[in-house]
Amino acid sequence: MASLKAKHGLFIAFAVLIFVFQPHGTAATARKQLDATAAVREDPKPIWHRQFSIDFNETTKLLWWRWSTEGSMLYDALQQVEVVHRANGRGDSMCLSIHPRSNTPCTHLVVSGQRYLIFPELGECCKCCSNAGGCGILDPNWLDAAEYTGQTTMQGRTADSWNIRGLQPNNYYATADVPVGIPLELNQLPTATYVFGESELADGTWVAGSGAWSPAQQQQQQQQQQQP
Ligand SMILES: *[C@@H]1O[C@H](CO)[C@@H](O)[C@H](O)[C@H]1NC(C)=O
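Treat the numbers as computed from the prediction; the structure is a model and nothing was measured.

**Thoughts on the overall build of the protein**
So, point 1. Looking only at helices and strands, one finds five helices and 11 strands in the protein.
So, point 2. When each of the 228 residues of the protein is scored for burial, the buried share is 31%.
So, point 3. Once local pairs closer than 6 in sequence are excluded, the contacts in the protein between residues at least 24 apart make up 50%.

Next up, the structure:
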């Protein structure tokens, strides 16, 4: 994890996701449908990795507002740490609730059962809410109730797609190479879209984004970066 942290600087977070993703009562229904199709064909199951970092572009729509920001997430379900950083926090409901009129970076940090909101350029933070208040990391099993919806092409790659019913429906896309399954896109209908870019697993086995990367290239690049 050291390289992930170094690469992404301090800590970062995934706000909206946490609330929307937690699969509730609809999970059983979704599974039932999945079972029905599984009899015909083995549908691939989506993988949500336990330790990874990933860049994203987020577009948020709220009535007639539309915000876009670049961001990155560091996710570590083993240490229960999650950091989601947005270059501009204005499209995120929690960041927005504190600074509704500022275009300023905003970081969610979840650690030790607490969620912190940090505004690095304003020199502000702090404690936002706790696990008990539903503010923990994104449930690592949030994809369990996903229903396979077939293959498509995305970012020039073959993608598997799934539908996950939460408080709002989610369409999730990942590279069609289960069990690797690098996240490509997440649509939280109707409000938010995340297009994922460069990513890295904690053990450095994959790096994606443009699709032009491979583990071997990644190693070469790291070696070059380490040279003075
Ligand atoms: C995000 O948007 C920027 C600017 O449009 C672009 O350069 C970058 O490649 C995008 N990243 C992703 C992950 O799509």
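**Observations regarding the confidence of the model for the protein**
So, point 1. For the protein, mean pLDDT is 78; residues scoring 70 or higher make up 71% of the total.
So, point 2. Segment residues 1–32: pLDDT under 50, and 74 contacts once partners within four positions in sequence are set aside and those in other chains are kept.
So, point 3. Across residues 209–228, where pLDDT falls below 50, the model places 13 contacts with residues more than four positions away in sequence or in other chains.

**Notes on the nonpolar core**
So, point 1. Among the nonpolar cores identified, the biggest contains 34 residues, and M73, Y172, A174 and L184 are the most heavily contacted of them.
So, point 2. Residues contacting L184, with those up to four places away along its chain left out, are M154, Q155, A159, Y173, A174, T175 and F196.

**Side note on the site of the ligand**
So, point 1. In the vicinity of the ligand, the contacting residues are D55, F56, N57, E70, V195, F196 and G197.
So, point 2. Contributions of two or more residues to the shell around the ligand are made by β1 (51–62) and β11 (192–201).

**With respect to the sheet that holds β11**
So, point 1. Taken in spatial order, the 11 strands line up as β6-β5-β4-β3-β2-β1-β11-β10-β9-β8-β7 in an open sheet, and their pairing is antiparallel. Looking at the sheet topology across the chains shown, the edges are occupied by β6 (124–130) and β7 (147–154). Between one strand axis and the next, the sheet turns by 20° as a mean value, whatever way the strands run.
So, point 2. When strand β3 (residues 81–86) meets strand β4 (residues 106–111), the two strands line up antiparallel, connected through five bridges. By the bridge assignment, H85 is partnered in β4 with T107.

**Observations concerning unusual backbone geometry**
So, point 1. A cis amide bond, omega 0°, links L189 with the succeeding residue P190.
So, point 2. As for its position among the elements, P190 is in the loop between β10 (183–188) and β11.
So, point 3. Although it is not a glycine, L63 sits at a positive phi angle of roughly 50°.
So, point 4. Looking at where L63 falls in the secondary structure, it is placed in the loop between β1 and β2 (65–76).

**Observations regarding the pairing of β6**
So, point 1. One ladder, built from six bridges, connects strand β5 (residues 114–119) with β6; its direction is antiparallel. Each bridged residue has a counterpart across the sheet, and for R115 the counterpart in β6 is C129.
So, point 2. Connecting β5 to the next strand, β6, in antiparallel fashion are four residues, including G123 with a positive phi near 65°.

**A few points about the environment of N103**
So, point 1. One can find N103 in the loop between α4 (93–98) and β4.
So, point 2. C-alpha of N103 to C-alpha of A87: the two residues are 16 residues apart in sequence and 8.7 Å apart in space.

**With respect to the environment of T193**
So, point 1. Secondary-structure assignment places T193 in strand β11.
So, point 2. Of the residues examined, T193 has 18 C-beta atoms within 10 Å and is grouped as partly exposed.
So, point 3. Residues T193 and S68, spaced 125 residues apart in sequence, show a C-alpha to C-alpha distance of 9.3 Å.
So, point 4. Setting aside its immediate chain neighbours within four residues, T193 contacts T59 and N187.

**Regarding the pairing of β7**
Regular strands place their side chains on alternate faces of the sheet.
So, point 1. Pairing geometry for β7 and strand β8 (residues 157–165), over seven bridges, is antiparallel. Along β8, the bridge assignment pairs Q151 with D160.
So, point 2. The loop that links β7 with its antiparallel partner β8 comprises two residues; one of these, Q155, has a positive phi angle of about 50°.

**Brief notes about the environment of C126**
So, point 1. Among the secondary structure elements, C126 is positioned in strand β6.
So, point 2. Distance in space between the C-alpha atoms of C126 and R115 is 8.4 Å, their sequence separation being 11 residues.

So, how was this worked out
Residues numbered from 1 in each chain as written. Predicted model: local features only at pLDDT ≥ 70, side-chain atom pairs only at ≥ 80, totals over all residues. Helix = DSSP H or I, 4+ residues; strand = E, 2+ residues; numbered from the N terminus. Buried ≥ 20, exposed ≤ 12 C-beta atoms within 10 Å, placed from the backbone. Contact = placed C-beta atoms within 7 Å. pLDDT = per-residue confidence, 0-100. Core = buried A, V, L, I, M, F, W, Y, C linked by C-beta atoms within 7 Å. Near = placed C-beta within 6 Å. Pairing = 2+ DSSP bridges. Axes fitted to C-alpha atoms, helices over the stretch in contact; angles between N-to-C directions.

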